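Secondary and tertiary structure notes
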Amino acid sequence: MTADTPPPPRPGIDVPDHRGRTGLDRAGRDLARNPDVVVREVELTSQGWHVLRRTTFDRRRRDGRWETQTRETYDRGDGAVVLPYDTERGCVLLTRQFRYPAYVNDHPDGMLVEAAAGLLDADDAPAAVRRESAEELGVTLGPLTPVFAAYMSPGSVTERLHFFAAPYTPADRSGPGGGLEEEGEDIEVLELPFAEALAMTRDGRIVDGKTIMLLQWAALDGPFRTRGDATQA
């Protein structure tokens, strides 16, 4: 390539990438909500299914001095998670599946017990949790209760996770669950007494953050808050 030859178009920036995305290097450039932060440059460093960016920005410290910082952000989109519960029978629905990142970071076998969750993709948060409950749990949920939304790893991951709870009964079973095989999912559905699920957060059998948060909410402010047997497990 000579000096007069224009550089080839960059997938995900100038032309669509494998997911039809362009302008991936624009995220953050127009931010102006915080007058103490000025974005200078956004570099796209990786763009598989999700996107890794390196952003350089100027930030005014509390003492008034400006300094330049560089941070990497992993953008996988926002997500939603739900805790289905049956107060009549005193149980909740959870999943068990293999998580390689946990396995490679000292989890004994990588098989994590979790609340059903997924990325929003093109759906809003309520639609996403109903979709994931049908796919992973084989259950049609009752009315959704929004619990809260939280940034789960704000030092590097942009994702905001929307938390929900919803009632279910045995009659709400709509399929076997297990996830989508074409997406590599192989999910075991677990129906557990709430007291046991809560105890699992204490003895290390449940180590997934979003699941611990929902179970603690259910015990303190949610559908099991008046059940002495659950909170004393």
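Residues numbered from 1 in each chain as written. Predicted model: local features only at pLDDT ≥ 70, side-chain atom pairs only at ≥ 80, totals over all residues. Heavy atoms only, no water.

**Quick notes on the sheet that holds strand β3 (residues 66-75)**
Reading across the sheet, the three strands line up as β1-β2-β3 and stay open at both edges, with antiparallel pairing between neighbours. Of all strands in the sheet, those bounded by a partner on one side alone are β1 (37-47) and β3. Ignoring which end each strand starts from, the neighbouring axes of this sheet average 20° apart. Strand direction decides the pairing type here: β1 and strand β2 (residues 51-60), joined by nine bridges, are antiparallel. (Pairing = 2+ DSSP bridges. Helix = DSSP H or I, 4+ residues; strand = E, 2+ residues; numbered from the N terminus. Axes fitted to C-alpha atoms, helices over the stretch in contact; angles between N-to-C directions.)

**As for the environment of G142**
Of note, G142 is situated in the loop between α2 (125-137) and β8 (145-151). The class for G142 is buried, based on a relative accessible area of 19%. Residues G142 and D172, spaced 30 residues apart in sequence, show a C-alpha to C-alpha distance of 8.3 Å. Beyond its immediate chain neighbours, meaning those up to four positions away, G142 contacts R130, A166 and P167. (Buried < 20%, exposed > 50% of the residue type's maximum accessible area, 1.4 Å probe, protein only. Contact = heavy atoms within 4.5 Å.)

**Description of α2**
Helix length check: α2, at 13 residues, gives a terminal C-alpha distance of 17 Å against a target of 18 Å (1.5 Å per residue), a fit within 8%. Among the residues of α2, those classed as buried are A125, A128, V129, E132, S133, E136 and L137. Buried residues of α2, viewed axially, fall in a sector of 135°; they line one side. Buried residues in α2 make contact with β4 (79-86), β5 (91-98), β7 (116-119), β9 (160-167) and β10 (188-193). Remark: G138 follows α2 within two positions and exhibits a positive phi of approximately 70°. (Expected span 1.5 Å × (residues − 1). Arc of directions from axis to C-beta.)

**With respect to the nonpolar core**
Soluble globular proteins tend to pack their nonpolar side chains together in the buried interior. Counting residues in hydrophobic clusters, the biggest one holds 26 residues, and the most contacted among them are V92, L94 and F194. Those elements that provide at least two residues to this core are β4, β5, β8, β9, β10, α3 (194-203) and α4 (209-220). Per-element tally for this core: the top contributor is α4, with five residues. Among residues more than four places away in sequence, those in contact with V92 are L83, P84, Y85, Y168, L190, E191, L192, F194, A197 and F224. By size, the runner-up hydrophobic cluster in this structure holds 16 residues, among which are A80, V82, L141 and F164. (Core = buried A, V, L, I, M, F, W, Y, C linked by side-chain atoms within 4.5 Å.)

**Structural notes on the pattern of salt bridges**
Where charged atoms of side chains with opposite charge meet at close range, the side chains can pair. Tallied over the entire structure, the rule returns 23 salt bridges. When the shortest N-O distance is used, the salt bridge between E191 and R89 registers 2.7 Å. Of this pair, E191 sits in strand β10 while R89 sits in the loop between β4 and β5, and the two are 102 residues apart along the sequence. Overall, the relative accessible area of 35% leaves E191 in the partly exposed class. Counted as one network, the salt bridges with shared partners bring together D86, R89, R173 and E191. (Salt bridge = Lys/Arg side-chain N within 4 Å of Asp/Glu carboxyl O.)

**Some thoughts on the side chain of T201**
Of note, T201 is situated in helix α3. Judged by its relative accessible area of 16%, T201 is buried. A polar contact is formed between the side chain of T201 and the backbone oxygen of L198, at a distance of 2.6 Å. Setting aside its immediate chain neighbours within four residues, T201 contacts I206, I212, L215 and Q216. (Polar contact = N/O pair within 3.5 Å; in protein donor to acceptor, adjacent residues only side chain to side chain.)

**Regarding the environment of I212**
Relative to the assigned elements, I212 resides in helix α4. With a relative accessible area of 25%, I212 lands in the partly exposed category. Contact partners of I212, with chain neighbours within four places excluded, come to T201, I206 and V207.

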